[in-house]
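A closer look at the structure
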Amino acid sequence: MPSVTKLQNLIDPEVMAAIISAQLPKAIKFSGIAPIDNTLEGQPGSTITVPKFKYIGDAKIVAEGEPIQYEQLTTDSAKYTIQKAGIGVILTDEAVLSGYGDPVGEAQRQVRMSIASKVDNDIVDTAMTAPLSIEHEINLDLIDALEATFVDAPDNFENVDTTGVLFLSYKDAAKLRKEAMNGWTRSSELGDRILVTGAFGELFGWEIVRSQKIEDGTGFAVKAGALKTYLKRQLLPETGRDMDRKLTKFNADQHYSVALVDESRIVRIGAATTPEG
């Protein structure tokens, strides 16, 4: 008796979910600066509250016999809403069974790309709400201006990791590399020092990353610990059958939120204004 090819053997939501979930973190290009945090999985509520501790100030010299001064540890907090990003595709029986290309594999790939791109957009949008900001042209002096802004930031600690990642548009990154000349380090020469996948190069210790999601003349500089991507649950895939039209629907969604957890570790760059006159 000849074997029968069944669509449930070709479109398995559990298999597709496992593949997409495994590849999703790598597909999120900005995950290097907003690492994924799974601590919210299984917790009730649709919002998260991120506490932000204020610096108590530097210690002071205490004379012999004199009491040590006590400071109150205070916090600010910010609330973020968990949101759902989802998308689906429709696969006809003819497309799946024809053997032309790999429609099931392509569906997995595009669903993964679509959700990852939405998370990336939210990471960029959150980064561009950072309270620390400067207006500066994209040139070699930008690095000094950024470092000065980090140093002067309220509640800033003297950290060892004084540099981080600078995100720019493709045009601005190319302009910066041209101006840097011999001061530019190619990404192939960075080795284990690469902080974010897809780095374009390094300048004065700052890793430069290009993105089409950033407008010319703008960008942001970020250090580790500034952002987080909270996942409420793992990717949820579902399939549905339309027997009248002989097609299968597949969709997936991800519940998450991107949070700014340390405002002293990120500076957004605004386009420099041209003086009138």
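Just so we're clear, the structure is a prediction, and the values are computed from it rather than from any experiment.

1. Considerations on the sheet that holds strand β10 (residues 219-222)
- With mixed pairing, 7 strands are arranged side by side in an open sheet as β5-β14-β10-β6-β9-β8-β7. The outermost strands of the open sheet, each flanked by one partner alone, are β5 (133-135) and β7 (184-186). Geometrically, the sheet is characterised by an average inter-axis angle of 25° between neighbouring strands, direction not taken into account.
- Two strands pair when backbone bridges link them, and β5 and strand β14 (residues 266-270) are joined in this way by 3 bridges, in the parallel orientation. In the sheet register, I134 faces β14, and the bridge partner there is I269.
- Along the sheet, helix α5 (residues 141-151) contacts β5, β6 (165-168), β8 (199-203), β9 (206-210), β10 and β14; its crossing angle with β14, the most-contacted strand, is approximately 135°.

2. Considerations on α5
- What α5 keeps buried is the set L142, I143, L146, T149 and F150. Projected down its long axis, α5 shows its buried positions confined to an angular sector of 125°, all on one face. Seen from the open side of α5, the exposed residues pointing more than 90 degrees away from its buried face are D141, D144 and V151.
- Tucked into the core, α5 has its buried residues touching β5, β6, β8, β9, β10 and β14.

3. Points about the pairing of β8
- Within β8, 5 of the 5 residues are buried, which leaves the element mostly enclosed by the surrounding structure.
- In this sheet, β9 lies alongside β8 in antiparallel orientation, the contact comprising 4 bridges. Counted as the bridge partner of G201 is I208 from β9.
- The turn joining β8 and β9, which pair antiparallel and follow one another in sequence, is formed by 2 residues; a positive phi near 55° is taken by F204.

4. Details of the confidence of the model for the protein
- Residues at a pLDDT of 70 or more form 82% of the protein, whose mean pLDDT is 82.
- By mean pLDDT, the top-scoring element of the protein is β10 (95), and the lowest-scoring one is helix α1 (residues 7-10) (52).
- The low-confidence segment residues 1-6, where pLDDT is below 50, has 2 contacts with residues more than four positions distant or belonging to other chains.

5. Focus on the environment of E106
- Within the secondary structure, E106 sits in helix α4 (residues 103-127).
- A polar contact is formed between the side chain of E106 and the side chain of R109, at a distance of 2.7 Å.

Rules used throughout
Residues numbered from 1 in each chain as written. Predicted model: local features only at pLDDT ≥ 70, side-chain atom pairs only at ≥ 80, totals over all residues. Heavy atoms only, no water. Pairing = 2+ DSSP bridges. Helix = DSSP H or I, 4+ residues; strand = E, 2+ residues; numbered from the N terminus. Axes fitted to C-alpha atoms, helices over the stretch in contact; angles between N-to-C directions. Contact = heavy atoms within 4.5 Å. Buried < 20%, exposed > 50% of the residue type's maximum accessible area, 1.4 Å probe, protein only. Arc of directions from axis to C-beta. pLDDT = per-residue confidence, 0-100. Polar contact = N/O pair within 3.5 Å; in protein donor to acceptor, adjacent residues only side chain to side chain.

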